[in-house]
Amino acid sequence: MSPEPASPLPRSADATPHAASLIQSLRDIGYSSETALADVIDNSITAGARNIDILSEANEADPALAVLDDGRGMDLDELIEAMRPGSRNPLAERATHDLGRFGLGLKSASFSQCKRLTVVSRKNGVTVGATWDLDDVALTNRWEIQLHDDVTTVPWADRIGEHGTLVLWRSLDRLSGGITQDLRKRAEHINRAVAGAERHIRLVFHRFMTEDRPALAIRLNGRKLAPLDPFGTRFPSHQADRVDQLELKDGTIEFQCFTLPHHKAITREEWEDLGGPEGHLRSQGFYVYRGRRLIIAGSWLGLARQTELTKLCRIRVDIPNTMDADWKIDVKKASAQLPPAVRERMRLLVERLALTSRRTYQRRGQRLVDNEFMPLWQRIQRDGAIIYRPDPAHPVLADFAGRLSADLQADFASLVGLMGSSMPIAALHSDFAGSAEELRADDVDEQALRQMAEAMVPRLLDLGTDGERIPEILRQIDPFNSAWPMAKAIIEEIILRENENV
């Protein structure tokens, strides 16, 4: 039997991607101005920079934006490689401090905002520069960059120190919103985008700005940015659990649970800065870090719902860059997916931390169910529902009812019941879900304070409460707490009078 003829070798054909087409596709990966800037800053941190300056000039005919660092810099070969799209294989092993992923970040982030990217770098006393010009690529359809023999005309190049790198964006067609004719509106749009990126940068790199020695300094047009720690660790009233670890095949994941302080424990400005433009309800959840660089900010990743009583919850998740494939880190380093192996551990953390957050918000309410505090409103749980109703036995209501005729007492009891059944539950729920910290009780006048104190102080004394403790007790509840200087004087006056009458 004759042998089968050998299969012919397959033919090959050149399938090099068209430069003009592919490089345009790199512009639409999905970067925003803030994620694009953060991706460029990643390169500076990986290069060991301790000082990073974000520089912008929006009012010129050719506006520009730049990131300048004092990192180790690059020689010509390193610069050419850095300008190459896909300069690193995402499967290649990286140093633990390397914030890169696909070797696309510098290019794709820059192209998403501008058509002309220039990089100037200095290393060992030698300065080199190169430019990608997308208009030139569109004309030539060639993967070619322009090398600079002289960088003195490049904006801000003279500010590079003994070593470091300048990344410069020009032809800001995307960052300017496509505005070309009205220079004033174009400048406003660029400045608004840069200002909007400030909070993102403060948040994404906050750990480098606080944990490193020396700490990373990031400046925006000369103004040093303050780190934004989403866990509020600088406030003494924050709560932090111990660090948990989960060891997996490709690395170790660390978890740490935090509970923010109650909004009354910090200033309003500090509270709003922590919550950001979307508020604390939206910013609760997991904060996932890759090499201490924030990837996901405030999401329960499908393990829980965002609720008012858990809005103080934060869980820090640290993953190494060896687990990029497991977490499906994207090119922008702005999203990831939860691996099945860690889902159950994270679910348990959510349940535990939610209890701590609820206690923080309910602590004041728990005091009101103590008989010593004589709550004006009763909290009743019935048939799975929670009902609030005025307590007709409260000293203020009982004393007033005792001064009425029998007929009016019945009418007064009906009126008190009507107040409870008419509570605007839907409106309260909506307000608490949106901005609980803005809700407050109505102001109270001196006559109302005195009437309430006249009813409650004698009752507490009759119960055997020490007169010195009564101001401390009554200060815990409203309306005394909200008008304490006036209330304290009234309470002490009544205590003195009652003691004299004994």
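Residues numbered from 1 in each chain as written. Predicted model: local features only at pLDDT ≥ 70, side-chain atom pairs only at ≥ 80, totals over all residues. Heavy atoms only, no water.

A.B. asks: Teacher, can you tell me more about unusual backbone geometry here?
C.D. replies: Excluding glycine, residues mostly have negative phi values, and the peptide bonds linking residues are mostly trans. With an omega of 0°, the peptide bond between R213 and P214 qualifies as cis. With respect to the element layout, P214 can be found in the loop between α7 (206-210) and β7 (217-220). The phi angle at N141 is positive, at roughly 55°, despite the residue not being glycine. Take N141: it is sitting in the loop between α5 (134-140) and β5 (146-148). Non-glycine residue W156 carries a positive phi angle of around 70°. For W156, a relative accessible area of 18% puts it in the buried group. (Helix = DSSP H or I, 4+ residues; strand = E, 2+ residues; numbered from the N terminus. Buried < 20%, exposed > 50% of the residue type's maximum accessible area, 1.4 Å probe, protein only.)

A.B. asks: Help me understand the pattern of salt bridges in this model?
C.D. replies: When their charged atoms lie close together, side chains carrying opposite charge are able to pair. If you walk through the whole model with that rule in mind, you get 25 salt bridges. Across the pair R174 and D28 runs a salt bridge whose closest N-O atoms are separated by 3.2 Å. Highlighted residues: R174 in the loop between β6 (164-170) and α6 (183-204) and D28 in the loop between α1 (19-25) and α2 (33-46), separated in sequence by 146 residues. The partly exposed category is assigned to R174, whose relative accessible area is 32%. Close ionic contact of D42 with R293 constitutes a salt bridge, the shortest N to O distance being 3.0 Å. Taken together, the residues D42 in helix α2 and R293 in strand β13 (residues 293-299) connect sequence positions 251 residues apart. Each member of the pair, D42 together with R293, is buried. One network of salt bridges, in which partners are shared, links R50, R207, E211, D212, R292, R316 and D318. (Salt bridge = Lys/Arg side-chain N within 4 Å of Asp/Glu carboxyl O.)

A.B. asks: How do you make sense of the packing of aromatic side chains when you look at a structure like this?
C.D. replies: Note on aromatic pairs: each is described by the distance of the centres and the angle between the planes. Inspection of the entire model under this criterion finds eight aromatic pairs. For the ring pair W132 and W143, a centre distance of 6.4 Å and an interplane angle of 90° mean the geometry is edge-to-face. With W132 in strand β4 (residues 126-133) and W143 in the loop between α5 and β5, this pair connects stretches of sequence that are eleven residues apart. Measuring from centroid to centroid gives 6.3 Å for F231 and Y289, while their planes differ by 45°, and the two rings are tilted. In this pair, F231 is assigned in the loop between β8 (223-224) and β9 (239-240) and Y289 in strand β12 (residues 285-290), connecting sequence segments 58 residues apart. Of the aromatic side chains, those joined through ring pairs into one cluster are F231, F258, Y287 and Y289. (Phe/Tyr/Trp six-rings, centres within 6.5 Å; stacked < 30°, edge-to-face > 60°.)

A.B. asks: I keep staring at helix α13 (residues 406-421) and nothing clicks. Help me out?
C.D. replies: At 3.6 residues per turn, the α-helix brings residues three or four places apart onto the same side. Compared with an ideal rise of 1.5 Å per residue, which puts 16 residues at 22 Å, α13 spans 23 Å between its outermost C-alpha atoms and is within 8% of the ideal. Turning to α13, its buried residues are F412, V416 and G420. Projected down its long axis, α13 shows its buried positions confined to an angular sector of 85°, all on one face. Residues of α13 that are exposed and point over 90 degrees away from its buried face: D407, S414 and S421. (Expected span 1.5 Å × (residues − 1). Arc of directions from axis to C-beta.)

A.B. asks: Explain the nonpolar core to me, please; I cannot follow it from the model alone.
C.D. replies: For soluble globular proteins, nonpolar side chains are generally found buried alongside one another. Counting residues in each nonpolar core, the largest one holds 57 residues, and the members touching the most others are L117, W169, I201, F205 and I218. With eight residues, the top contributor of residues to this core is α6. Those residues in contact with I201 that lie beyond four places of it in its chain are L37, I41, I54, I218 and L225. Formed by 24 residues, the second largest nonpolar core is a distinct cluster that contains F255, L301, V317 and I329. (Core = buried A, V, L, I, M, F, W, Y, C linked by side-chain atoms within 4.5 Å. Contact = heavy atoms within 4.5 Å.)

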